[in-house]
Each structure stands twice: as structure tokens, then as C-alpha cells.
Amino acid sequence: MTSISDRVQAIRASIQQAEQATGRTAGEVHLLAVSKTKPATAIREAYAAGQLRFGENYVQEALEKMAELADLPLEWHFIGPIQSNKTRPIAENFHWVHGIDRLKIAQRLNDARPGHLPPLNVCIEVNVSGEASKEGVAPGEVVELASTIVQLPRLRLRGLMTIPAPTHDRALQHRQFAMLRELLVSLNQQGFQLDTLSMGMSEDFPAAIAEGATIVRIGSAIFGARPPKSPNTVPDSSMP
Ligand SMILES: *Cc1c(COP(=O)(O)O)cnc(C)c1O
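Residues numbered from 1 in each chain as written. Predicted model: local features only at pLDDT ≥ 70, side-chain atom pairs only at ≥ 80, totals over all residues. Heavy atoms only, no water.

**Student:** I'm lost on the overall build of the protein in this one. Help?
**Tutor:** The helix and strand tally for the protein stands at nine helices and eight strands. The C-alpha atoms of the protein give 17 Å as radius of gyration, which agrees with the globular expectation for 240 residues (18 Å, within 12%). The buried share of the protein, reckoned over its 240 residues, is 50%. Within the protein, residue pairs in contact and separated by at least 24 positions form 59% of the contacts whose partners lie at least 6 positions apart. On the protein, roughly 11,400 Å² of surface is accessible, and the fraction owed to carbon and sulfur atoms is 51%. In the protein, which carries 24 positive and 25 negative side-chain charges, the distance between the mean positions of the two groups comes to 2 Å. (Helix = DSSP H or I, 4+ residues; strand = E, 2+ residues; numbered from the N terminus. Rg over C-alpha atoms; globule rule 2.2 N^0.38 Å. Buried < 20%, exposed > 50% of the residue type's maximum accessible area, 1.4 Å probe, protein only. Contact = heavy atoms within 4.5 Å. Areas by Shrake-Rupley, 256 points an atom, 1.4 Å probe, with all protein chains shown as cover. Lys, Arg positive; Asp, Glu negative; His and termini not counted. Charge placed at Lys NZ, Arg CZ, Asp CG, Glu CD.)

Below, the structure is given as C-alpha cells:
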């Protein structure tokens, strides 16, 4: 059985390989280790292998792990769906938020971001697969939301994020990721200064890197499979 440390090293090597194979600059793609549902001890193991950035989906679970790991200089990314009654703990405890798809949520995060912290890094979540996925704004609505978010002083709009419909069709993976890249290019041509494409997970990150990802979010390939979602194990999932 391989250890978490071995798997962190292996994923880093695969990222490097994908960077090289597709003409990306070495070290340009950052690995976000998605540690949702996994214990603090697993995060500590990944940290020992050099991993600093971690992604969490559930606020209460993340806060408990942050407290247990307060001795480590970790960077925390909130990547789950955001309920409006959870914006304060997110704004107070995370460095990044990837899944913004409503102005109301952006405003609440802005209002709750403590003055002693730097502005919260945020990405707009875009739905690149149409009907197949419910979260994220439609590509045609991104400019309007981005224009409003850049006016919020306690947020720093960094770029775009997507969770495409899962598919083993490699050509479709590429098309969906390319759509996000083209949107970012178009925003920057309109005067935005965005540097982040958060796309690619355990099953499809090589395609995402080929299409310009700057952050890949990888969970199961590092920490192993997760238990299936249930209201008992994930207290603040997207339940009503
Ligand atoms: C769980 C999750 C991931 C990681 O998925 P894996 O397939 O385990 O790599 C990435 N991004 C988001 C938004 C997630 O919720």
C-alpha cells in the first residue's frame, strides 16, 4: 500500500510531466490537496511531504482541522458550495474561496472579511457543461459578476473555477477546460487582471493542465476514496 507521502510525490511528478508535455512553464501549476472528509493526521502527512495548500468543502469540519493544525503554515481554500449563513466563518478563516456564483455571497464574504487580514482571494465558478451541472454561472454572465466583484475592496478576484460534468471522453474534457481558458483570456482582454484557472481533479487533471489550469484540485488520488455523501457524515453539505 502506498502512503499519502508517496502519492503526493507521484501527483507532483505527474503535474510536472503534464507541464512539460504541453509546453507549460515548470512550476506554474499549483497542487491543491483536497482533504475533505479526511482527518487532520492525513493533512499532517501530506504537509510532511511538502504540501502547503489544502482544499475543504465543509465549514465545520474544516474549522476543526484548522484548530488541530494551527502549528502548521497551511493555506486553506474553500471549494464547496457556499451557504449564505456560512460566509462569516469562511471569510474569517480561509485564504481562498473558489466557488463564487452569486453576488450576494461575494458581498457577504467582503463584508465579513476581517480588516487585519489581506483581501480574500476568490474565483468565480462557471458552469461549462450546460444542463449537466447546476452550480456556477453561465459563461455569458461572468463579465457582469466579475465587474461587480472587482469593486469589493475586501475581495481579490483571481480568476475562474469550474467542475465540469465528469466524463472519460478526453476530447470533451479538453473542450470544457478550453472554454474556461477562453473566458479568462477574454476577461483579461477587457481589462481584468486575472491569473488563476482552478480546474482539473484526480480523473482529468492532465487535460486541465494542457488547457491552462494554474490550480488543480486533487483529492482521492492523494488521500484515497471518500465515503459516499450522507447528511450524517457531511453536516453542512448542500442540504437545505
Ligand atoms: C472533492 C472535490 C475535488 C477533488 O476531487 P477528486 O476527484 O477526489 O480529486 C475537487 N474539486 C472540488 C470542488 C471538489 O468538491
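**Student:** Honestly, helix α7 (residues 170-189) in this entry has me stumped. Any pointers?
**Tutor:** Structurally, the α-helix is built with 3.6 residues per turn, so residues lying three or four positions apart point the same way. Given a rise of 1.5 Å per residue, 20 residues ought to cover 28 Å, and the 28 Å separating the end C-alpha atoms of α7 matches this to within 8%. Inspection of α7 places Gln 173, Gln 176, Phe 177, Ala 178, Leu 180, Leu 183, Leu 184 and Leu 187 among the buried residues, and these make up the whole buried set. Where α7 is buried, its residues meet α6 (142-149), β6 (155-161), β7 (196-198) and α8 (205-210). Regarding α7, its N-cap is Asp 169, as a side-chain oxygen of that residue lies 3.0 Å from the backbone nitrogen of Ala 171 further along. (Expected span 1.5 Å × (residues − 1). Polar contact = N/O pair within 3.5 Å; in protein donor to acceptor, adjacent residues only side chain to side chain.)

**Student:** Looking at this structure, I do not really get the site of the ligand. What am I missing?
**Tutor:** Surveying the vicinity of the ligand reveals 13 residues, the closest of which are Lys 36, Asn 57, Ser 202, Ser 220 and Arg 226. The side chain of Arg 217 places a nitrogen or oxygen atom 2.9 Å from a nitrogen atom of the ligand. Within the backbone of Gly 219, one N or O atom sits 2.8 Å away from an oxygen atom of the ligand. In isolation the ligand has 380 Å² of accessible area, and contact with the protein removes 91% of it. Classifying every residue of the shell around the ligand by side-chain character gives six nonpolar, four polar and three charged. (Near = heavy atom within 4 Å. Nonpolar A, V, L, I, M, F, W, Y, C, P; charged D, E, K, R; others polar.)

**Student:** What am I meant to see in the packing of aromatic side chains here?
**Tutor:** Any pair of aromatic rings gets described here by the distance separating the centres and the angle formed by the planes. Enumeration according to the criterion identifies two aromatic pairs in this entry. Ring geometry for Phe 54 versus Trp 76: centroids 6.1 Å apart, planes at 40°, classification tilted. Here Trp 76 lies in strand β3 (residues 75-78) and Phe 54 lies in strand β2 (residues 53-56), a separation of 22 residues in the sequence. A single burial state applies to Phe 54 and to Trp 76, both of which are buried. Geometrically, the ring pair formed by Phe 78 and Phe 94 is edge-to-face, given 5.3 Å between the ring centres and 80° between the ring planes. On the criterion of sequence distance, the pair formed by Phe 78 in strand β3 and Phe 94 in the loop between α4 (87-93) and β4 (96-100) is long-range, its members being 16 residues apart. (Phe/Tyr/Trp six-rings, centres within 6.5 Å; stacked < 30°, edge-to-face > 60°.)

**Student:** Mind showing me how you'd approach α6 here?
**Tutor:** For α6, the complete set of buried residues consists of Val 142, Leu 145, Ala 146 and Ile 149. The buried residues of α6 occupy an angular sector of 100° when projected down its axis, which confines them to one face. Packing partners of the buried residues in α6 comprise β4, α5 (103-112), β5 (120-125), β6 and α7. (Arc of directions from axis to C-beta.)

**Student:** Looking at this structure, I do not really get the pattern of salt bridges. What am I missing?
**Tutor:** Pairs can form between side chains of opposite charge whenever their charged atoms are close. Throughout the structure, instances matching the rule amount to nine salt bridges. Here Arg 158 ties to Asp 195 by a salt bridge, and the two come within 3.1 Å at their closest N and O atoms. Highlighted residues: Arg 158 in strand β6 and Asp 195 in the loop between α7 and β7, separated in sequence by 37 residues. Across the pair Glu 182 and Arg 181 runs a salt bridge whose closest N-O atoms are separated by 3.7 Å. (Salt bridge = Lys/Arg side-chain N within 4 Å of Asp/Glu carboxyl O.)

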